[in-house]
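# Fold and geometry: a report
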2 protein chains.
Amino acid sequence: MMAHWMRRLALASALLALFTLGAEAGADPLPSWNDGPTKQAIIDYVTRIAKEGGPDYVAPKDRLATFDNDGTLWVEQPMYTQFVFAVDEVKTQANQHPEWKTKDPFKSVLAGDMKAVAAMGEKGMVEIVAATHSGMTTADFDQTVRQWLATAKHPRFKVLYTDLVYQPMIELLDYLRANGFKTFIVSGGGVEFMRGFADKTYGIPPEQVIGSSGVTQYGTWDEKPVLIKVPKVLFVDDGPGKPEGIEHFIGRQPIFAFGNSDGDKEMLEWTAACEHLCFMGLVHHTDAAREYAYDRNSDVGKLDKALDEALTKGWTVVDMKNDWKTIFPPAKSGSK
Amino acid sequence: MMAHWMRRLALASALLALFTLGAEAGADPLPSWNDGPTKQAIIDYVTRIAKEGGPDYVAPKDRLATFDNDGTLWVEQPMYTQFVFAVDEVKTQANQHPEWKTKDPFKSVLAGDMKAVAAMGEKGMVEIVAATHSGMTTADFDQTVRQWLATAKHPRFKVLYTDLVYQPMIELLDYLRANGFKTFIVSGGGVEFMRGFADKTYGIPPEQVIGSSGVTQYGTWDEKPVLIKVPKVLFVDDGPGKPEGIEHFIGRQPIFAFGNSDGDKEMLEWTAACEHLCFMGLVHHTDAAREYAYDRNSDVGKLDKALDEALTKGWTVVDMKNDWKTIFPPAKSGSK
């Protein structure tokens, strides 16, 4: 009985594989990418590592791909989205914090003086993020993030931030998953902020989102267990923190990684040291008309040393202007 | 063409589902569990949450299950396996550390005086673990763990430690995965130690193993990127650290959790607060003849407050002696 059932199962599986293969061969998996060497490099890579019996074959269980988020999967200009959220939260929570009216960086935020905030540098940014990302339960924070993302609009494009993801990268994530990859985000951004949209927006579940994290404390409120976000950094997932975060959260090396800034350099180096044929990619923002053009001199998403390393070592560099047919997904009804 | 292909794919999928269903209905998914209320509680739970259209249905993407490791999935007596490994490593590395001959706790370990080591309590244990779990690359540590696990034998059972996993729990992991669950380990043990065997032994990949972790530092050795394990604790995944670790690594609540000691109490409470129908289980070690019998007064795997809470709240308590038909997997040739 069992043997008979197994034969039938094997037959059905084989048929299923055949149908799926047929579909893949027929359709372009990356329709928003212009034909050319960049698109070809991606398709060649995936074809080689997926070819059973081929010299570069990688078993599906080892097909891990890691992606930076800001500037790699969605827009990061003119200001990191999570920081825009934090600034909005300062305004929302101001009436509960009368002391903010006379204390910087909050005072400048409330006065709308973002130049003064920028002049305070990283210290001011960290204070703003710490104040708005702690002192509540994880569930309440998640709710706040979701509400903000459902309403806040980008200053230039006038659409939701989640509409400003890169359609070519969404197709790349889908293409990799269709070829057996497990996809992860590895970002300097706050992990709980990203988990508020990564599943719906990128198809990446919370446990595959890696980012900078704060400490939480378990306790009970009204006899119900809760986790409280406290203003203490647990882990910074940027620069050398990216391979360290990959080890901490994933425990093995990716074979495919994509970033867009110097903060991704060490993740790409770590990926390049993988045991298999590896793929390292950078998104180069070269399209001021449709998105933004910036690299070596940008405050946000500076791309300098990593670009040099990519050019020296032959990593794939996406020229946004020439390689991407479209930048953003087709407009959704009701999102504007 | 596409529509035709999709119809054929749908047909093949339906056939596949039918065959799989047939197999499940026919076979006992938990053959090493004696029939009775414990086994029935597990099967009833899984059947209810998997029944589409039923009142307790949970979508597959939300079916997360977390398991403690020591004492829940494998033997933890007479000493946590990772600590046995650390003690063996002190002996192996002693010739590189002449200072250990005169310095406790190392001196006592080298003299084989485990009573003296035990008398030093947690402080001594932490020193031994820190000294043997840092100062090397993550790749070298992984290699050392794998070599040790391939040869070290348990003092009572005289087999490899990985042969001392609980067969009924292996079946439970398989049963949950066959019903769409994603299975995780959430243990106080060191994450890199567990990742050395969890994939092969439990079918749980490294990125689904959560545990206590040390800091690693990215750098280059001979121009190759490496991660160095440094003697600094990053995260302790025990007691309240378990729900905190679940948030940190997974970012959402499990609906099913199993533990065996007071260190699992908060994980079970956190699971009990899930939005769906939840399952909380404890392994109670009641079988001195086939394994061990211990609970409220044990130094290793103390089960006291969590047992009271389980009895009060109606969580499932496995009586190892009566509920488990067999304890360990059938002996593998070559493993003795």
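All names here are of chain A. Two elements in contact, helix H11 (residues 241–250) and helix H12 (residues 265–272), have axes whose closest approach is 7 Å; the angle formed by their N-to-C orientations is 55 degrees. Classified by the angle their axes make, H11 and H12 are oblique. Residues Lys242, Pro243 and Ile246 of H11 touch H12, and the partners they reach there are Glu266, Met267 and Trp270. Tallied by class, the residues present in the contact of H11 with H12 amount to four nonpolar, no polar and two charged.

On to the pairing of strand S6 (residues 279–286) of chain A. Side-chain positions along a regular strand alternate between the two faces of the sheet. Residues and elements named next belong to chain A. The element S6 is extensively covered by neighbouring structure, given that seven of its eight residues are classed as buried. In the sheet, strand S5 (residues 256–259) pairs with S6 via four bridges, with the strands oriented parallel. The partner of alanine 257 across the bridge, within S6, is methionine 280. For the handedness criterion, the β-α-β arrangement of S5, H12 and S6 is classed as right-handed. In this structure, S6 lies alongside strand S8 (residues 316–319), joined through four bridges in parallel fashion. Bridge assignment links glycine 281 to a residue of S8, and that residue is threonine 316. When S6 meets strand S7 (residues 293–294), the two strands line up antiparallel, connected through two bridges. Opposite histidine 285, over in S7, you have tyrosine 294 as the bridge partner. If you look at the hairpin formed by S6 and S7, you'll find six residues sitting between the two strands.

We now examine the nonpolar core. Ranked by internal contacts, the top residues of the largest apolar core, which has 159 residues, are Leu172(A), Tyr202(A), Phe256(A), Leu172(B), Tyr202(B) and Phe256(B). When residues no more than four places from it in sequence are discounted, the contact partners of Phe256(B) are Tyr45(B), Leu64(B), Ala65(B), Thr66(B), Phe67(B), Leu172(B), Leu176(B), Phe181(B), Thr271(B) and Phe279(B).

Attention now moves to the state of the cysteines. All names here are of chain A. Applying the stated criterion across every chain yields a total of two disulfides over all chains. Note that cysteine 274 is cross-linked by a disulfide to cysteine 278, the S-S spacing being 2.3 Å. Taking the sign of the torsion about the S-S bond as the criterion, the disulfide between cysteine 274 and cysteine 278, at about -105 degrees, is left-handed. Since its relative accessible area comes to 10%, cysteine 274 is described here as buried.

Residues and elements named next belong to chain B. Of the two faces of strand S1 (residues 64–67), the one holding Leu64 and Thr66 and the one holding Ala65 and Phe67 are both buried throughout. Pairing of S1 with strand S5 (residues 256–259), which is carried by three bridges, proceeds in the parallel orientation. By the bridge assignment for S5, phenylalanine 67 is matched with phenylalanine 258.

Residue and element names in this part refer to chain A. Overall, the prediction assigns chain A a mean pLDDT of 92, with 91% of residues at 70 or greater. In this model, residues 17–23 is a region of pLDDT below 50 whose contacts with residues beyond four sequence positions or in other chains number seven contacts. Per the prediction output, this complex has pTM 0.91; the corresponding ipTM is 0.90.

With that settled, the discussion passes to the pattern of salt bridges. This structure, assessed with the given rule, holds 38 salt bridges over all chains. Measuring nitrogen to oxygen at the nearest pair gives 2.8 Å for the salt bridge that ties Arg48(B) to Asp56(B). We classify Arg48(B) as partly exposed; its relative accessible area is 44%. One salt bridge in this structure joins Glu127(B) and Lys123(B), with 3.3 Å as the shortest N-O distance. Taken together, the positions of Glu127(B) and Lys123(B), both in helix H6 (residues 121–132) and four residues apart, correspond to about one turn of that helix. Judged by its relative accessible area of 62%, Lys123(B) falls in the exposed class. Several salt bridges share partner residues, and in doing so they unite Lys61(A), Asp62(A), Lys182(A), Arg252(A) and Glu207(B) into one network.

What counts and how
Residues numbered from 1 in each chain as written. Chains lettered and ligands numbered in written order. Predicted model: local features only at pLDDT ≥ 70, side-chain atom pairs only at ≥ 80, totals over all residues. Heavy atoms only, no water. Axes fitted to C-alpha atoms, helices over the stretch in contact; angles between N-to-C directions. Helix = DSSP H or I, 4+ residues; strand = E, 2+ residues; numbered from the N terminus. Parallel < 35°, antiparallel > 145°, perpendicular 65-115°, else oblique. Contact = heavy atoms within 4.5 Å. Nonpolar A, V, L, I, M, F, W, Y, C, P; charged D, E, K, R; others polar. Buried < 20%, exposed > 50% of the residue type's maximum accessible area, 1.4 Å probe, protein only. Pairing = 2+ DSSP bridges. Right-handed = clockwise from strand over helix to strand, strands pointing away. Core = buried A, V, L, I, M, F, W, Y, C linked by side-chain atoms within 4.5 Å. Disulfide = S-S within 2.5 Å. pLDDT = per-residue confidence, 0-100. Salt bridge = Lys/Arg side-chain N within 4 Å of Asp/Glu carboxyl O.

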